[in-house]
Amino acid sequence: LLMCMLIAMATQIIGSNVARAFSLVGALSIVRFRTAVASTQDVAFVLAAVVIGMAIGAGQYQIGAVGLILLAIISHFPI
């Protein structure tokens, strides 16, 4: 559930901007290959930090705020 929400957020942030798409790929490859993550939930939280930071950096504060609130709600209830 977390990954689906985060990928949808990333798609909204990138839109049709090729530069944002390449910067997200670069940031995620650095995060993925530099850190050893144990579980899928840890990967989701790292991805959440990158995507919410990218939303704020791109000036899309509403997507970042809604995503952060949904992340808090979804992660509160274990599935």
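What counts, and where the lines are drawn
- Residues numbered from 1 in each chain as written.
- Predicted model: local features only at pLDDT ≥ 70, side-chain atom pairs only at ≥ 80, totals over all residues.
- Heavy atoms only, no water.
- Core = buried A, V, L, I, M, F, W, Y, C linked by side-chain atoms within 4.5 Å.
- Buried < 20%, exposed > 50% of the residue type's maximum accessible area, 1.4 Å probe, protein only.
- Helix = DSSP H or I, 4+ residues; strand = E, 2+ residues; numbered from the N terminus.
- Contact = heavy atoms within 4.5 Å.
- Expected span 1.5 Å × (residues − 1).
- Arc of directions from axis to C-beta.
- Polar contact = N/O pair within 3.5 Å; in protein donor to acceptor, adjacent residues only side chain to side chain.
- Axes fitted to C-alpha atoms, helices over the stretch in contact; angles between N-to-C directions.
- Parallel < 35°, antiparallel > 145°, perpendicular 65-115°, else oblique.
- Left-handed = near helix turned anticlockwise from the far one by under 90°.
- Nonpolar A, V, L, I, M, F, W, Y, C, P; charged D, E, K, R; others polar.

## Observations regarding the nonpolar core
Ranked by internal contacts, the top residues of the largest apolar core, which has 17 residues, are Met5, Leu6, Met9, Ile13, Leu24, Val51 and Leu71. Of all elements in the fold, only α1 (2-14) and α3 (40-57) reach the threshold of two or more residues within this core. Not counting residues up to four positions away in its chain, the partners in contact with methionine 9 are Val51, Ile52, Ile63 and Gly67.

## Topic: α1
Here α1 spans 18 Å end to end across 13 residues, near enough to the 18 Å set by a 1.5 Å rise per residue. Buried residues of α1: Leu2, Met5, Leu6, Met9, Ala10, Ile13 and Ile14, and no others. All buried residues of α1 fall inside an arc of 165° around its axis, so they share one side. Relative to its buried face, α1 has exposed residues pointing more than 90 degrees away, namely Cys4 and Gln12. Where α1 terminates, the next one or two residues include glycine 15, which has phi positive at roughly 60°.

## Regarding the environment of serine 23
Relative to the helices and strands, serine 23 is located in helix α2 (residues 18-34). Sequence spacing of serine 23 and methionine 54 is 31 residues, and the spatial spacing of their C-alpha atoms is 9.3 Å. Among the polar contacts made by the side chain of serine 23, one reaches the main-chain carbonyl oxygen of arginine 20 at a distance of 2.8 Å.

## Some words on the packing of α1 against α3
The axes of two packed helices give the description: the angle between them and the distance between them. As a packed pair, α1 and α3 sit with axes 10 Å apart at the nearest point and diverge in direction by 20°. Here α1 lies roughly parallel to α3, going by the angle between them. Where α1 crosses over α3, the two elements pack in a sense that is left-handed. Touching Leu2, Met3, Leu6, Ile7, Met9, Ala10 and Ile13 of α1 are Gln41, Val43, Ala44, Leu47, Ala48, Val51, Ile52, Met54 and Ala55, all from α3. Here the contact of α1 with α3 is built from residues that sort into 15 nonpolar, one polar and no charged.

## Notes on the packing of α3 against helix α4 (residues 61-76)
Packing of α3 against α4 leaves a shortest axis separation of 7 Å and a crossing angle of 160°. Taken as axis vectors, α3 and α4 run roughly antiparallel relative to one another. As for how α3 packs across α4, the hand of that crossing is left-handed. Along the contact surface, α3 presents Phe45, Ala48, Ile52, Ala55 and Ile56, while α4 presents Tyr61, Gly64, Leu68, Leu71 and Ser75.

Read these as geometric descriptors, not functional statements.
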